[in-house]
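# Understanding the architecture of this molecule
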Amino acid sequence: MRIRCALTAVVTLGTFAALSTGTAQAAEYSSALKVKGVQYDAPGTDSNRCSGGNTKDEYLTIKNYSRTATVNLKGYVVKDATGNKFTFTAGHKLEPGDYVKLRGGRATDSDANNVVYRQNCNFIWNNDKDTIYLYKPSGARADVHSYTKRTDDRDGNGYITYHG
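To start, this report covers the structure provided alongside it. (Residues numbered from 1 in each chain as written. Predicted model: local features only at pLDDT ≥ 70, side-chain atom pairs only at ≥ 80, totals over all residues. Heavy atoms only, no water.)

A separate point is empty space enclosed by the protein. One pass over the full model with this rule turns up one cavity of 30 Å³ or more. Size it by volume and the largest cavity reaches roughly 40 Å³. Lining the largest cavity are Glu58, Tyr59, Leu60, Leu102, Arg103, Gly104, Arg118, Ile124 and Trp125. In terms of residue class, the lining of the largest cavity is built from five nonpolar, one polar and three charged. (1 Å grid on protein atoms, 1.4 Å probe; cavity = no way out; pocket = protein on both sides within 12 Å on 5 of 7 lines; lining within 4 Å. Points joined across faces, edges and corners; volume = space filled by probe spheres on them. Nonpolar A, V, L, I, M, F, W, Y, C, P; charged D, E, K, R; others polar.)

See the structure below:
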């Protein structure tokens, strides 16, 4: 009888621990919007000149992973490790499975081309390592990823995929 009770207690605790772990992971990614990938190192020599520079070639891809919900980007915030940030101030709706590329540089946003420009010619992502934060309009964290060039970019092309 003691063995059965002890075994039941261990199984119950193990189930509780598994549920607790699963809940913690689910809370981390409770948003339909997630960072799909980042082109953290624009091809070529970095130049943050607004005319002729390549900040537009550095981008963050954000995707709506929901199967049913349309999500409006208005109010979402993207930050890096040092606090550089971009806030989506205009409404940009992402249908289920749709994505947007948040690019550096100055240009016209386009729903048809799935692109929003930061209207800033400075690079936001470091070429060696950084952390990408995506926050909901409520301030809750929607997604976060850290990278180092040496560890996470094995082919050295300056692009890292997080969610397929």
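Applying the stated rule across the entire model yields two salt bridges. A salt bridge links Asp41 to Lys149, with the shortest nitrogen-to-oxygen separation between them at 3.6 Å. Pair noted here: Asp41 is in the loop between strand 1 (33-39) and strand 2 (59-64) and Lys149 is in helix 2 (residues 149-152), with a separation of 108 residues, a long-range link. A salt bridge links Lys56 to Asp57; the nearest nitrogen and oxygen atoms lie 3.9 Å apart. (Salt bridge = Lys/Arg side-chain N within 4 Å of Asp/Glu carboxyl O. Helix = DSSP H or I, 4+ residues; strand = E, 2+ residues; numbered from the N terminus.)

Grouped together as the largest cluster of nonpolar side chains are 24 residues, with contacts concentrated most on Leu60, Phe88 and Trp125. Put simply, the parts of the chain that give this core at least two residues each are strand 1, strand 2, strand 7 (99-103), strand 9 (129-135) and strand 10 (141-148). Per-element tally for this core: the top contributor is strand 1, with three residues. What Trp125 contacts, discounting residues up to four positions off in sequence, is Val38, Gln39, Tyr40, Glu58, Leu60, Val78, Lys79, Asp80, Asp130, Thr131, Ile132 and Tyr147. (Core = buried A, V, L, I, M, F, W, Y, C linked by side-chain atoms within 4.5 Å. Buried < 20%, exposed > 50% of the residue type's maximum accessible area, 1.4 Å probe, protein only. Contact = heavy atoms within 4.5 Å.)

Attention now moves to the sheet that holds strand 4 (residues 77-79). Taking strand neighbours across the sheet as the criterion, the four strands line up as 5-4-9-10 in an open arrangement whose pairing is antiparallel. Bordering the open sheet on either side are strand 5 (85-87) and strand 10, each of which pairs with just one other strand. Recorded for the sheet is a direction-independent mean angle of 10° between the axes of neighbouring strands. Where strand 9 lies against strand 10, seven bridges are found, and the strand directions are antiparallel. Each residue of the ladder has a partner; that of Asp130, found in strand 10, is Tyr147. (Pairing = 2+ DSSP bridges. Axes fitted to C-alpha atoms, helices over the stretch in contact; angles between N-to-C directions.)

Bringing the side chain of Ser31 into the picture now. On the secondary structure map, Ser31 appears in the loop between helix 1 (2-28) and strand 1. Within polar-contact distance, the side chain of Ser31 engages the backbone nitrogen of Leu33 at 3.0 Å. In contact with Ser31, not counting residues within four places along its chain, are Tyr76, Lys136 and Ala142. (Polar contact = N/O pair within 3.5 Å; in protein donor to acceptor, adjacent residues only side chain to side chain.)

As enumerated under the stated definition, the model contains four aromatic pairs in all. Taking the centre distance of 4.7 Å and the plane angle of 35° together, the rings of Tyr40 and Tyr147 count as tilted. One end of the pair, Tyr40, is in the loop between strand 1 and strand 2; the other, Tyr147, is in strand 10, and 107 residues separate them in sequence. For the pair Tyr40 and Tyr147, one class covers both residues: buried. (Phe/Tyr/Trp six-rings, centres within 6.5 Å; stacked < 30°, edge-to-face > 60°.)

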